[in-house]
Amino acid sequence: MFTQQATARSQEPGGRTKSSSPRQIPVVGVVTEDEDAQGALKPMDLNGVIKLLEETDKGDLEGKQLKSVKKLMQYYQNGLPLRDLAQIFKILKLCAGKIEHQPHFIESVYNILKVCSLPFLKKKVSDEITYAEDTANSIALLGDLMKVPSSELRIQICKCIVDFYHAEPPKKHITGYQPASSSYKIQMAEVGGLATSMVQSLAWLENQLVEKLWVLKALQHLSTSEVNCTLMMNAQAASGLCAHLTDPDPSGQLLFRSSEILWNLLEKSSKQEIIQQLSSLECLLALKEVFKNLFMRGFSHYDRQLRNDILVITTIIAQNPEAPMIECGFTRDLILLATFNEVKSQNPLVKGLKLSNSYEDFELKKLLFNIIVILCKDLPTVQLLIDGKVVLALFTYVKKPEKHKIIEWSAAQYEELQLHAIATLSSVAPLLIEEYMLCQGNARILAFLKWCESEDSFFIHGNSFHGTGGRGNKLAHMRYTLRLLRAMVSLEDETVNTDLCERRTIQQLIGIFKNTISKSNDKEEAIVLEIQSDILLISSGLCEHNIPRKEIFGTEGVDIILHVMKTDPKQFQSGLGYNVLLFSTLDSIWCCIGCYALEDYFLEKEGIFLLLDLLALNQKKFSNLILGIMVEFCDNPKTTARVNAWRGKKDQTAASLLIKLWRKEEKELGVKRDKHGKIIDTKKPLFTSFQEEQNIVPLPANCPTIAVMDVAENIRAKIYAVLGKLDFENLPGLSAEDFVTLCIIHRYLDFKIGEIWNEIYEEIKLENLRPVSTDKHILEAITTASENIGKMVVSLQNEIIESQARQDVQNEQKVYAKIQASHKQRELANKSWENFLARTSNAKTLKKAKRLQDKAIESSRYNGRPPNAIFHQTAIKGLNTTVPSGQVVTLESTPARLTGGPLAETDIALKKLPIRGGALKRVKAVKTADEPKKSVPK
């Protein structure tokens, strides 16, 4: 950036390039007394000094040259201006070139370098950009000066570079100048490529320890920048530093600074390139020697930290499968050092060696476990793991902690190592099955799981990475133990799986699952979900292809599967692991429910309804697996009725759901259909956009073609299989659009066969083969038949669409008829109301209506009366109503004068019926013999 800006500024408007070097300063200048007192820089003839240094043919020239340089340094003792930097460094280069034959110039060079440690001075703010190129070239010259065979100068150069990162303000202020920014020198060092020349200078300092340490110190500061790290990487700094780690150094700085630089290179440059540089045999031998020396003889806090740093760098290198870790013997030594505490060894390397419970030794133990996981990825390491008894060593941690036993680790440290060891076993044990079985691995794991499940009081600290979420409980131990068990079951080794089943593993796992359901809480939900997922996966691995084990899984296992399937669908978006649990559940349905008894129990508990509910969620990641399970279940004759009985949202049927999924799948695959869902190309009715883009290529007979791979890569084949088992002819709840799609699904197999035959025919053409006439006729007949089937389906689809169109018209007419009848009824009601109003407001109209009514009544009567018939007058004389009487007659209650008032008297039994009949009337009470006379008021 600085170089481009400097170049841009160095061009004049006319296009002529202007030199970025400072203008020639006159020898004589006028300086006032005030400026002199304030320390202002006086003009100086730098070109004259350069010219003097370039002269070689005068007798007393050396003295004059030294004197001029000395005067120059006195002049610039408070700092170098950016505008003069190019000329001053040219003077520095000329002086350095004279050192070989004129050693007195060493002092001059030293003084110039000493001034270079001070901040550069700028007169204008823009000077940093204007003189950027000159500054970068000048700083790059420092690296070239490392070639000068002077220890004093080399050390001073390194000090100067270190001072870039520890800049101090100038001791004296110079009028008209100000220090450049503190990071300016660092940026210019990056632009000038100083780091490259400093790395190269290490080659000249093989046997000069002091100078080498100073160079390493300078490189340590330079390596804090990504740009410098990239330059150092290109200069092969990593391999050069690592190869000399074992060089003698009583101070220990060489190892410390080299490891620090290697760390910076790994972090700030291309990690893969650095690993490639460090993967040489020479580098690994050096690392091995240093690590062993620090392991056996390092007792200080500093030595232990450095030892762990070396091991981390080794771990990173071990990730490269091409690194000769085994060839250099490093792998064997690392395995020995990782297991000597647990498995006694007579190797002199570990004789009398013991780890303390210090933080550094604790970290070392974890790093050794970690590097074993990385080393075991290289199969040749397996034999070394067997020889080192790694499985036995790791299994010493898979046990219940003993309370009263004195151990070398604290409780928290032992817990973390225990979890780390179990996690390491998950990677190592599957490679060493024989050693695993010899160590009674299954028995140890199941016993440890039983302890994890127990209510034994055991306080888990949960401080480590592996102990996350397990504070105060044993869930972390259970999680990593189940991971180990899952890794072993996934090998499908019959010996291991049979041994597990004989130890009642399936029943134990079902019990653990039930306990996690009853005891789980929100804080540990993610861990519990992982545990449940692993239990289902382990059960699937044990029960697959084995009917007796599926029977052992039993109805209790089916119940836990149904419990998971009833999970709220919103939880699948929570990110806690419900998706993984559901996948594990679907896998266990596939593998564990494979006998008739469990299938029937699953159906009775509405399991097929739950599967269809999950399918209706319309999540593509589940659809393929669910449809595969449904294909298997549809072989059971009890399944079809339940599938047809299922109803989803808006009364959707299973057949409608499957057809909807088909349409969605075809849309995603880019299958060509018209707006009604009909086939467009009868020659390629199932072709996807991917198949259209791919050209047919002749393949060997054992390689599946694109048409065959299409069957496995989408869900159309499974939908066809399910609908075929449900019977295409009797599917409930389908719309016309569904029937149009169903026509295609019904002929899926015919279309796919025709598609494959078409591929065969095209491959024959591409290979320039000519089939015999009979075969050719057969191929053409098959192609024609496939196309005819497509045309027949299109014809059927057209009939369905036309029939639906006619039905839509009829339905529309019915709706219009209802609307018309409604309007007519409304009109009649309005007309009736108008007639009513006319009768009530106009007497003539009322009389006319009455006459019409009487006439209608008379005309409706039967004229021929039988003899002796009694005629009842229906017309009520004197009637004042204006409308005909209806069928309902409202009667008022009997007047009180007839009833004698409310019937609430207590002497109702004494009332008599009047002789003349009629309603009850109150009469005088009957007089008795013993009743005294009462005076009756007049």
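Values in this document were obtained by computation on a predicted structure and should not be read as measured data.

K.L.:
Any details on the overall build of the protein chain? Residues and values, ideally.
P.N.:
Looking only at helices and strands, the protein chain features 44 helices and two strands. Each of the 938 residues in the protein chain was classed as buried or not, and the buried ones make up 43%. Working note: accessible area of the protein chain is about 52100 Å², and carbon and sulfur atoms make up 54% of it.

K.L.:
With reference to specific residues and values, describe helix α3 (residues 46-54).
P.N.:
Among all positions in α3, only Leu46, Val49, Ile50 and Leu53 are buried. Angularly, the buried residues of α3 cover 100° about the axis, an arc narrow enough to put them on a single face. Each element contacted by the buried residues of α3 is listed here: α4 (61-75), α5 (85-98) and α6 (105-116).

K.L.:
Please provide a residue-by-residue account of the pattern of salt bridges, values included.
P.N.:
Taken as a whole and assessed by the stated rule, the structure comprises 32 salt bridges. Where Glu666 meets Arg716, a salt bridge forms, and the shortest distance between an N and an O atom there is 3.4 Å. Here Glu666, found in helix α36 (residues 654-669), pairs with Arg716, found in helix α39 (residues 716-726); they are 50 residues apart in sequence, far enough to count as distant. With respect to class, Glu666 is no different from Arg716; both count as buried. The closest approach of N and O atoms between Lys678 and Asp674, which form a salt bridge, is 4.0 Å. Linked by salt bridges that have partners in common, Glu666, Arg673, Asp710, Arg716, Lys752 and Glu755 make up one network.

K.L.:
Tell me about helix α41 (residues 748-766), and name the residues and values.
P.N.:
Here α41 spans 27 Å end to end across 19 residues, near enough to the 27 Å set by a 1.5 Å rise per residue. Burial in α41 covers these residues: Tyr748, Phe751, Lys752, Gly754, Glu755, Glu759, Tyr761, Glu763 and Ile764. Turning to α41, the residues buried within the fold contact α36, α37 (689-693), α38 (706-713), α39, α40 (736-746) and α42 (773-841). At the C-terminal side of α41, Asn768 shows a positive phi close to 60°.

K.L.:
Any details on a nonpolar patch on the surface? Residues and values, ideally.
P.N.:
Together, Leu749, Ile753, Trp757 and Ile760 make up a nonpolar patch on the protein surface, roughly 320 Å² of accessible area in all. Considering the arrangement of structural elements, one finds Ile753 in helix α41. When its relative accessible area of 40% is taken as the criterion, Ile753 is described as partly exposed.

K.L.:
Describe unusual backbone geometry, listing the residues and the values that go with them.
P.N.:
Peptide bonds are trans in most cases, and residues, glycine excluded, mostly fall at negative phi. If you check the backbone angles, Gln236 has positive phi at about 60° while not being a glycine. Along the chain, Gln236 falls in the loop between α13 (226-234) and α14 (237-243). The phi angle at Lys389 is positive, at roughly 50°, despite the residue not being glycine. Tracing the backbone shows Lys389 in the loop between α21 (381-387) and α22 (390-395). What makes Lys389 partly exposed here is its relative accessible area of 47%.

K.L.:
Which residues make up the packing of helix α11 (residues 194-201) against helix α12 (residues 209-222), and what values go with them?
P.N.:
In the contact formed by α11 and α12, the axes pass within 10 Å of each other and the chain directions differ by 150°. Put simply, α11 runs roughly antiparallel to α12. α11 and α12 meet at a crossing whose hand is left-handed. Facing Ala195, Met198, Val199 and Ser201 of α11, the residues of α12 in contact are Val215, Ala218, Leu219 and Leu222. Of the residues contributing to the contact of α11 with α12, the split by class is seven nonpolar, one polar and no charged.

K.L.:
If you had to explain the environment of Lys400 to someone new, which residues and values would you point to?
P.N.:
Along the chain, Lys400 falls in the loop between α22 and α23 (411-428). Placed 51 residues apart in sequence, Lys400 and Trp451 show a C-alpha to C-alpha distance of 6.8 Å.

K.L.:
Could you give me a rundown of the environment of Lys344, with the residues and numbers involved?
P.N.:
On the secondary structure map, Lys344 appears in the loop between α19 (330-339) and α20 (359-375). Separated by 49 residues in the primary sequence, Lys344 and Ala393 place their C-alpha atoms 9.6 Å from one another.

K.L.:
Go over the packing of α3 against α5 with me, naming the residues and quoting the values.
P.N.:
Contact geometry of α3 with α5 gives a least axis separation of 10 Å together with a crossing angle of 15°. One finds that α3 runs roughly parallel with respect to α5. Note on packing geometry: the crossing formed by α3 with α5 is left-handed. Across the interface between the two elements, Leu46, Asn47, Val49, Ile50, Leu53 and Glu54 of α3 pack against Gln87, Lys90, Ile91, Leu94, Cys95 and Lys98 of α5.

K.L.:
How would you explain the state of the cysteines if you had to name every residue and give the values?
P.N.:
On inspection of all chains with the given rule, the structure shows zero disulfides. Considering cysteine sulfurs only, Cys160 is the nearest to Cys158, which forms no disulfide, with 9.7 Å between them. Cysteine Cys595 remains unbridged, with the sulfur of Cys543 as its closest cysteine sulfur at 9.4 Å.

K.L.:
I'd like a description of the nonpolar core, backed by residues and values.
P.N.:
Of all hydrophobic cores here, the largest spans 233 residues; its most connected members are Ile91, Met198, Ile589 and Leu723. The residues contacting Leu723, other than those within four sequence positions of it, are Ala655, Leu658, Ile659, Phe728, Leu731, Leu742 and Ile745.

K.L.:
Can you tell me about the packing of aromatic side chains, naming the residues and giving the values?
P.N.:
Under the counting rule described, the total for this entry stands at 17 aromatic pairs. Aromatic side chains Tyr720 and Tyr748 sit 5.6 Å apart centroid to centroid with 45° between the ring planes, which places their arrangement in the tilted category. Of the two residues, Tyr720 sits in helix α39 while Tyr748 sits in helix α41, which places them 28 residues apart along the sequence. Among the aromatic residues, ring-to-ring pairing joins Phe291, Phe295, Phe330 and Phe340 into one connected group. A cation sits over an aromatic face here: Lys474 above Trp451, 4.6 Å from the ring centre. Here the guanidinium or amino end of Arg716 rests over the ring plane of Trp662, the centre of that ring lying 5.9 Å away.

K.L.:
Tell me what's going on with the side chain of Glu599, and back it up with residues and numbers.
P.N.:
Take Glu599: it is sitting in helix α32 (residues 596-604). Residues within four places of Glu599 in sequence aside, it is in contact with Ile593, Gly594, Phe633 and Asn636.

K.L.:
Please provide a residue-by-residue account of a positive patch on the surface, values included.
P.N.:
A cluster of basic residues, Lys844, Lys847, Lys848 and Arg851, forms a positive patch at the surface. Here Lys844 falls in the exposed class, since its relative accessible area comes to 70%.

K.L.:
A description of the side chain of Asp710 should follow, citing residues and the corresponding values.
P.N.:
Note on placement: Asp710 falls in helix α38. Leaving out residues up to four positions away in the same chain, Asp710 has contacts with Thr688, Gln691, Arg716 and Lys752.

K.L.:
Please provide a residue-by-residue account of the environment of Leu278, values included.
P.N.:
As for its placement among the helices and strands, Leu278 is situated in helix α16 (residues 271-278). Expressed as a C-alpha distance, the spacing of Leu278 and Ala243, which sit 35 residues apart in the sequence, is 8.8 Å. Setting aside anything within four residues of it in sequence, one finds Leu278 in contact with Ala238, Ser239, Cys242, Leu262, Cys283, Leu284, Ile313 and Ile317.

K.L.:
Which residues make up the confidence of the model for the protein chain, and what are the values?
P.N.:
Model confidence for the protein chain is summarised by a mean pLDDT of 84, while 85% of its residues fall at 70 or above. Ignoring residues within four places in sequence, the model shows residues 1-40, a span with pLDDT below 50, making 51 contacts including any to other chains. Between residues 904-938, whose pLDDT stays under 50, and residues either more than four places distant or in other chains, the model counts 19 contacts.

Calculation notes
Along each chain, residue indices are assigned from 1 in the same order as the chain's sequence is written. Under the rules for a predicted model, residues below a pLDDT of 70 receive no local features and side-chain atom pairs below 80 are neither given nor counted, while totals for whole chains, interfaces and linings still include all residues. Water and hydrogen atoms were dropped before computing side-chain values, which therefore reflect all heavy atoms in the structure. In DSSP terms, a helix is any run of H or I states spanning at least four residues, a strand is any run of E spanning at least two, and both are numbered starting from the N terminus. Accessibility here uses a 1.4 Å probe with only protein chains present; expressed as a share of the type maximum, an area under 20% marks a residue as buried, one over 50% as exposed, and anything in between as partly exposed. With residues, only the protein chains shown are counted as cover, and all accessible areas are computed by Shrake-Rupley using a 1.4 Å probe. In this context, the arc is that of the directions from the helix axis out to the C-beta atoms. Throughout, a contact is declared for two residues whenever any of their heavy atoms are within 4.5 Å. A side-chain nitrogen of Lys or Arg and a carboxyl oxygen of Asp or Glu constitute a salt bridge if their distance falls within 4 Å. By definition here, a helix of n residues has an expected span of 1.5 Å times n minus one. Excluding any residue in a salt bridge, patches collect residues exceeding 30% relative accessible area, merging like charges within 9 Å and nonpolar Val, Leu, Ile, Met, Phe, Trp and Tyr side chains within 5 Å. Simply put, an axis is a line fit to the C-alpha atoms, just over the touching stretch for a helix, and the angle between two N-to-C directions goes from 0 to 180 degrees. For classification purposes, an angle smaller than 35 degrees is called roughly parallel, one larger than 145 roughly antiparallel, one from 65 to 115 roughly perpendicular, and anything else oblique. With the far helix as reference, a near helix turned anticlockwise by less than a right angle produces a left-handed crossing, and one turned clockwise produces a right-handed crossing. Classification convention: Asp, Glu, Lys, Arg as charged; Ala, Val, Leu, Ile, Met, Phe, Trp, Tyr, Cys, Pro as nonpolar; all other residues, Gly among them, as polar. By definition, disulfides here are pairs of cysteine sulfur atoms that lie within 2.5 Å. Side-chain atoms within 4.5 Å link the members of a nonpolar core, which is a set of buried Ala, Val, Leu, Ile, Met, Phe, Trp, Tyr and Cys residues. Pairs were defined over the aromatic rings of Phe, Tyr and Trp, the Trp ring being its six-membered one, requiring ring centres within 6.5 Å. Orientation was assigned from the angle between planes: stacked under 30 degrees, edge-to-face over 60, tilted for the rest. Two thresholds decide whether a charge sits over a ring: the Lys NZ or Arg CZ must be within 6 Å of the ring centre and within 35 degrees of the ring normal. His is not counted, nor are the chain ends, whereas Lys and Arg count as positive and Asp and Glu as negative. One atom stands in for each charge, and that atom is NZ of Lys, CZ of Arg, CG of Asp or CD of Glu. Within a predicted model, pLDDT stands for the predictor's per-residue confidence, ranging from 0 to 100.

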